[in-house]
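Now for the letters of each chain:
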Amino acid sequence: MGAEPLLPKKTHTHTQPNSPLILGLQPSALIDHVAKIDSSLLAQIPGERGGSIAVAIEDLEHILNEVKTHILSSPPDPSPMRTMAGGSVANTIRGLSAGFGVNCGILGACGDDEQGGLFVSNMGSSGVNLSALRIKKGPTAQCVCLVDALGNRTMRPCLSSAVKIQAEELTKEDFKGVKWLVMRYGIYNLEVIHAAIRMAKQEGVFVSLDLASFEMVRNFRGPLLELLQSGDIDLCFANEDEARELLRDDENASPEAALEFLAKHCQWAVVTLGSNGCLAKCGREMVRVAAIGEAKATDATGAGDLFAGGFLYGLVKGLSLEECCRVGTCSGGSVIRSLGGEVTPENWQWMYKQMQIKGLPVPGLRQ
């Protein structure tokens, strides 16, 4: 008799069963167009490779057109380009819902266009609570994600004319029964970020912040430092490049130094190191956890987002700091095995197997 596939079931561990346990703030819904391309294309588009800078709709359409002549064949993926709901927060929330069975919701706005319909369909089919997602007249944000032969990704989002939720549209009801608010730093969303934090804290909600990109930290470091030093950020995620930019004025801008800096202001601090794993600190406890060697990197898109999801799953399950990191490395390792920031069913199975091997609690199984 063959083993049944492992499938998570929804977990409700708070008093209001209709409220998400984890709520993701993504002011603008986003659609990702992910393609594996010849790296020569990266020399033809504005900005540094490997990062994320905003472009106009004309530039996005031009890049998408150019992609057609720079596509790399990728046998494991039947389609050379994948289109899906995107954005760092959406990736984290979708992963927590679909792969870990955690009751999650998304707070933001999407347009009444085809891309908005795609976002709603993709997130809804993954079990994400969409009751706090506002549908507005106008276009939905888009992003082209260019992945080179080594699996490194370069992102060019188009956000300028996209609909978004405004600070004054947030209500206390959005945060009722929520335990964690998940956010990504963004200078153009600073007003709504501050408003969301204010309401979250009034409701006793923990706040998690991802540092977004090295360009965002480099160009808008002042407001970020103010946000961190406010004491309102309970958990902060940074990758190695973001950590370096955070401490760029210091002689010692190492990941360890960045971790110490973040831990002064946040209860939990995490610096991810790609193939070298991660560092994490909570109070006086500091851990270093290796990456999963079995994870073959097809595309790094979403690795940090899914790591964050795994780490948050560990926290809501009451796991130790090291175990939270280990779950994070399993979930981060699962998404890089295929194109885009959405984990395939086969790769969720791979993650559950890795978690079992490492003695970690696998998400509750449907009986």
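Residues numbered from 1 in each chain as written. Predicted model: local features only at pLDDT ≥ 70, side-chain atom pairs only at ≥ 80, totals over all residues. Heavy atoms only, no water.

Under an unreviewed UniProt entry, the name given to the chain is Carbohydrate kinase PfkB domain-containing protein, and the organism recorded is Vitis vinifera. In its Sequence similarities (unreviewed entry) section, UniProt records this for the chain: "Belongs to the carbohydrate kinase PfkB family." (UniProt positions renumbered as here; feature names shortened; annotations may be inferred.)

(A) Examining the side chain of Thr-272 more closely. Relative to the helices and strands, Thr-272 is located in strand β11 (residues 268-272). With residues up to four places along the chain from it excluded, the contact list for Thr-272 reads Ala-238, Asn-239, Glu-240, Gly-277, Cys-278 and Phe-307. (Helix = DSSP H or I, 4+ residues; strand = E, 2+ residues; numbered from the N terminus. Contact = heavy atoms within 4.5 Å.)

(B) How the structure looks around the sheet that holds strand β2 (residues 30-36). Strand order in the open sheet formed by four strands is β3-β2-β6-β7, and the pairing between neighbours is mixed. Looking along the sheet, the strands with just one partner apiece sit at the ends: β3 (81-86) and β7 (153-158). Mean inter-strand twist for the sheet, computed between neighbouring axes without regard to direction, equals 20°. When β2 meets β3, the two strands line up antiparallel, connected through six bridges. Residue Ala-35 lies in a different strand from β3, and its bridge partner there is Met-81. Packing of helix α3 (residues 114-125) onto the sheet brings it into contact with β2, β3 and β6 (141-147), and relative to β3 it is tilted by some 80°. (Pairing = 2+ DSSP bridges. Axes fitted to C-alpha atoms, helices over the stretch in contact; angles between N-to-C directions.)

(C) Region of the structure containing the packing of helix α2 (residues 88-100) against helix α9 (residues 303-316). Where α2 contacts α9, the axes come no closer than 8 Å and their chain directions differ by 50°. Between α2 and α9, the crossing angle belongs to the class labelled oblique. As for how α2 packs across α9, the hand of that crossing is right-handed. Judged by residue contacts, Ser-88, Asn-91, Thr-92, Gly-95, Leu-96 and Phe-100 of α2 engage Asp-305, Leu-306, Ala-308, Gly-309, Gly-310, Leu-312 and Tyr-313 from α9. Looking at side-chain class alone, the contact of α2 with α9 contains six nonpolar, six polar and one charged residues. (Parallel < 35°, antiparallel > 145°, perpendicular 65-115°, else oblique. Left-handed = near helix turned anticlockwise from the far one by under 90°. Nonpolar A, V, L, I, M, F, W, Y, C, P; charged D, E, K, R; others polar.)

(D) Representation of α9. Here α9 spans 20 Å end to end across 14 residues, near enough to the 20 Å set by a 1.5 Å rise per residue. Judged by how many residues are buried, α9 sits mostly within the fold: twelve of 14 residues are covered. Within α9, burial applies to Asp-305, Leu-306, Phe-307, Ala-308, Gly-309, Gly-310, Phe-311, Leu-312, Tyr-313, Gly-314, Leu-315 and Val-316. Taken from the residues just after α9, Gly-318 is the one with a positive phi, measuring 75°. (Expected span 1.5 Å × (residues − 1). Buried < 20%, exposed > 50% of the residue type's maximum accessible area, 1.4 Å probe, protein only.)

(E) Seen up close, the sheet that holds strand β12 (residues 278-282). Taking strand neighbours across the sheet as the criterion, the nine strands line up as β5-β4-β1-β8-β9-β10-β11-β12-β13 in an open arrangement whose pairing is mixed. Taken across any chain shown, the strands that pair with only one partner, and hence form the sheet edges, are β5 (133-136) and β13 (285-289). Strand-to-strand twist of the sheet, defined as the mean angle between neighbouring strand axes without regard to direction, takes the value 15°. As defined by bridge partners, strand β4 (residues 104-111) adjoins β5 across four bridges and the pair is classed as parallel. Its bridge partner lying in β5, Ala-109 is registered against Arg-134. Each of β1 (22-28), β4 and β5 touches α3; the most contacted strand, β4, lies at about 170° to it.

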